[in-house]
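Commentary on secondary and tertiary structure
One letter stands for each residue in the lines below.
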Amino acid sequence: MIEVRELTKRYGATTAVDRLSFAVRPGTVTGFLGPNGAGKSTTMRVLLGLDAATSGEALVNGGRYAALRRPMREVGALLDAGAVHGGRRAFDHLGWLARGNGIPARRVTEVLEQVGLAGVARKRVAGFSLGMRQRLGIAAALLGDPGVLMFDEPVNGLDPDGVRWIRELMRALAAEGRTVLISSHLMSEMELTADRLIVIGRGRLIADTSVRELAQRFGRGVLVRTPRPAELTEVLEAAGGSVEPAPGGPATDGRLADGRLAVGGLDVEAIGDMAAAKGIPLHEVTPHSASLEEAYMALTSGNAEFTADAKTQPTTEATARRTS
Ligand SMILES: Nc1ncnc2c1ncn2[C@@H]1O[C@H](COP(=O)(O)OP(=O)(O)OP(=O)(O)O)[C@@H](O)[C@H]1O
């Protein structure tokens, strides 16, 4: 179990994580999503005791990492696959980690087999491809057979076979009842791997939802294009519709991407009638089936527009709203 409560991390004037709260439960793969610089790595580093929180808490199995008695047996992590010294052999690197953490030597052989590196166990890491280094990093994370696992961008730079292998491994680890948190900025990858999604932007929570809920929320709707998006938004929201800026094109007024809106909860006829009644021109009205990628882009585009109010951070659904 991973719990982050009102976590804030500042580096000088930069607020990397801003009153962030979420929980990651056992038995699921949870995707930790957000654009570059959203605060994913920082959150993971604080969870792993590599950085101190400015305020709030980041707990693993109910305690701070520093207070865990046998950390590698409780939590395994891959933060930076390049962090291993190139002169070391894979077997020796893992053996050194095992000895330092009271882990039986047989685990080294087991995890090397598990990640498919048994054949190169005696080779120096300097000669490893990026994919092999990722596998070695994952082997290190698995060494203590921990119940909690965190992987920062594990599929970065991997070929399709490597990506599929990681996806299957993550799902298998969760199926064994482990808590698995994977960060990524690719919804396309998380869609196939994760059960739950925590989406952050500018250090704040944007959505804490299941993949299914997100698909349902954005799954069907009507795409509307108008030169007066703010007025139409007001009219449609007053009628009970949900309105999000739709991806596609740069934002012209800093808030709404070229006046396209994804409308949920209202049909084409109702939208057309209401716009006509208010004299708002419509340049396009199309029934639309959004992909999760589009949903993610709508959630994260112009993060300032989606700042979850820190006092009422959503916990069960993607409830972040535009603030204007
Ligand atoms: N050690 C540091 N000193 C100063 N600023 C930092 C430090 N670490 C991170 N930051 C800043 O904090 C913010 C969040 O960075 P972080 O690396 O956590 O984001 P991220 O979501 O992991 O992004 P990416 O997907 O690019 O890895 C960024 O603005 C980053 O520049």
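Residues numbered from 1 in each chain as written. Predicted model: local features only at pLDDT ≥ 70, side-chain atom pairs only at ≥ 80, totals over all residues.

Attention now goes to the overall build of the chain. A count of helical and extended segments in the chain gives 11 helices and 13 strands. For the chain, long-range pairs separated by at least 24 residues make up 70% of all intrachain contacts whose partners lie at least 6 apart in sequence. (Helix = DSSP H or I, 4+ residues; strand = E, 2+ residues; numbered from the N terminus. Contact = placed C-beta atoms within 7 Å.)

Turning our eyes to something else, we now look at the confidence of the model for the chain. When pLDDT drops low, the exact placement of atoms in the prediction is not to be read closely. For the chain, per-residue confidence averages 85 on the pLDDT scale, and residues scoring 70 or more make up 86% of the total. Between the elements of the chain, mean pLDDT differs from a low of 73, seen in helix 8 (residues 211-219), to a high of 97, seen in strand 1 (residues 2-11). In the predicted structure, residues 249-256 sits below a pLDDT of 50 and forms 14 contacts with residues beyond four places in sequence or in another chain. Overall, residues 304-324 carries pLDDT values under 50, and its contacts beyond four positions in sequence, including any with other chains, amount to 37 contacts. For this predicted complex, the interface score ipTM comes out at 0.95, alongside a pTM of 0.74. (pLDDT = per-residue confidence, 0-100.)

Phi at Arg19 is positive, roughly 50 degrees, even though this residue is not glycine. The residue Arg19 is located in strand 2 (residues 14-24) in this model. Judged by C-beta crowding, with 19 C-beta atoms within 10 Å, Arg19 ranks as partly exposed. (Buried ≥ 20, exposed ≤ 12 C-beta atoms within 10 Å, placed from the backbone.)

Moving on to the nonpolar core. Side chains that are nonpolar tend, in soluble globular proteins, to be buried together. Leu94, Ala139, Leu143, Leu197, Val199 and Val263 are the most contacted members of the largest nonpolar core, which totals 79 residues. Discounting chain neighbours no more than four positions away, the residues touching Leu94 are Val108, Val111, Leu112, Ala139, Ala140 and Leu143. (Core = buried A, V, L, I, M, F, W, Y, C linked by C-beta atoms within 7 Å.)

Once that is clear, we can look at the domain arrangement of the chain. Parsing the chain into structural domains produces domain 1 (2-202) and domain 2 (214-312). Between domain 1 and domain 2, the residue contacts involve 11 residues of the former and 9 residues of the latter. Only helix 7 (187-193) and strand 8 (196-201) provide two or more residues apiece to the side of domain 1 that touches domain 2. (Domains from an automatic or database assignment.)

For the rest of this paragraph, the subject is the sheet that holds strand 9 (residues 204-210). Overall, mixed pairing links the 6 strands, which are arranged 5-6-7-3-8-9 in an open sheet. Two strands in the sheet have a free side with no partner beyond their single neighbour: strand 5 (75-78) and strand 9. Strand-to-strand twist in this sheet, taken as the mean axis angle between neighbours without regard to direction, amounts to 15 degrees. Strands strand 3 (29-33), strand 6 (148-152), strand 7 (179-184) and strand 8 of the sheet are contacted by helix 1 (residues 40-47), whose axis makes an angle of about 145 degrees with strand 6. Docked against the sheet, helix 6 (residues 160-175) engages strand 3, strand 6 and strand 7, running at close to 150 degrees with respect to strand 7. (Pairing = 2+ DSSP bridges. Axes fitted to C-alpha atoms, helices over the stretch in contact; angles between N-to-C directions.)

What follows is about the environment of Thr109. Note on placement: Thr109 falls in helix 4 (residues 106-114). Residue class for Thr109 comes out partly exposed when judged on the 14 C-beta atoms lying within 10 Å of it. Sequence separation of Thr109 and Ala139 is 30 residues, and the distance between their C-alpha atoms is 9.8 Å.

Near the ligand the following residues occur: Tyr11, Thr14, Ala16, Gly34, Asn36, Gly37, Ala38, Gly39, Lys40, Ser41, Thr42 and His185. For the shell around the ligand, the secondary structure elements donating two or more residues are strand 2 and helix 1. When residues in the shell around the ligand are grouped by element, the largest group, 3 residues, is from helix 1. Here the residues of the shell around the ligand are counted per class, giving 3 nonpolar, 8 polar and 1 charged. (Near = placed C-beta within 6 Å. Nonpolar A, V, L, I, M, F, W, Y, C, P; charged D, E, K, R; others polar.)

The complete set of buried residues in helix 4 reads Arg107, Val108, Val111 and Leu112. Burial along helix 4 is one-sided: seen end-on, the buried residues are contained in an arc of 135 degrees. Where helix 4 is buried, its residues touch helix 3 (90-100) and helix 5 (130-142). Once helix 4 ends, the next one or two residues include Gly116, with phi positive near 80 degrees. (Arc of directions from axis to C-beta.)

Turning to the packing of helix 3 against helix 4, a few remarks are in order. Running from N to C, helix 3 and helix 4 cross one another at 130 degrees; their axes reach a closest spacing of 9 Å. In terms of their interaxial angle, helix 3 and helix 4 are classed as oblique. For the element pair helix 3 and helix 4, the recorded crossing hand is right-handed. Residue-level inspection shows Ala90, Phe91, Leu94, Gly95 and Ala98 of helix 3 in contact with helix 4, the latter providing Arg107, Val108, Val111 and Leu112. Split into classes, the residues belonging to the contact of helix 3 with helix 4 amount to 7 nonpolar, 1 polar and 1 charged. (Parallel < 35°, antiparallel > 145°, perpendicular 65-115°, else oblique. Left-handed = near helix turned anticlockwise from the far one by under 90°.)

All right, on to helix 9 (residues 229-238) then. Residues spaced three or four apart along an α-helix face the same direction, because each turn holds 3.6 residues. Inspection of helix 9 places Pro229, Leu232, Thr233 and Leu236 among the buried residues, and these make up the whole buried set. Along the axis of helix 9, the buried residues cluster in a sector spanning 105 degrees; they form a single face.

What links the strands of a sheet is backbone hydrogen bonding, and the strands pair in either a parallel or an antiparallel sense. Pairing is antiparallel across the open sheet formed by 3 strands, whose spatial order is 2-1-4. Every interior strand has two partners, whereas the edge strands, strand 2 and strand 4 (55-60), have only one. The mean angle between the axes of side-by-side strands here comes to 20 degrees, regardless of whether they run parallel or antiparallel.

All right, on to the pairing of strand 3 then. Among the 5 residues that make up strand 3, 5 are buried, leaving the element largely enclosed by the rest of the structure. Burial along strand 3 is two-sided: Val29, Gly31 and Leu33 and Thr30 and Phe32, pointing in opposite directions, are all buried. Relative to strand 7, strand 3 is paired through 5 bridges, and the arrangement is parallel. Of the residues in strand 7, the one forming a bridge with Gly31 is Ile182.

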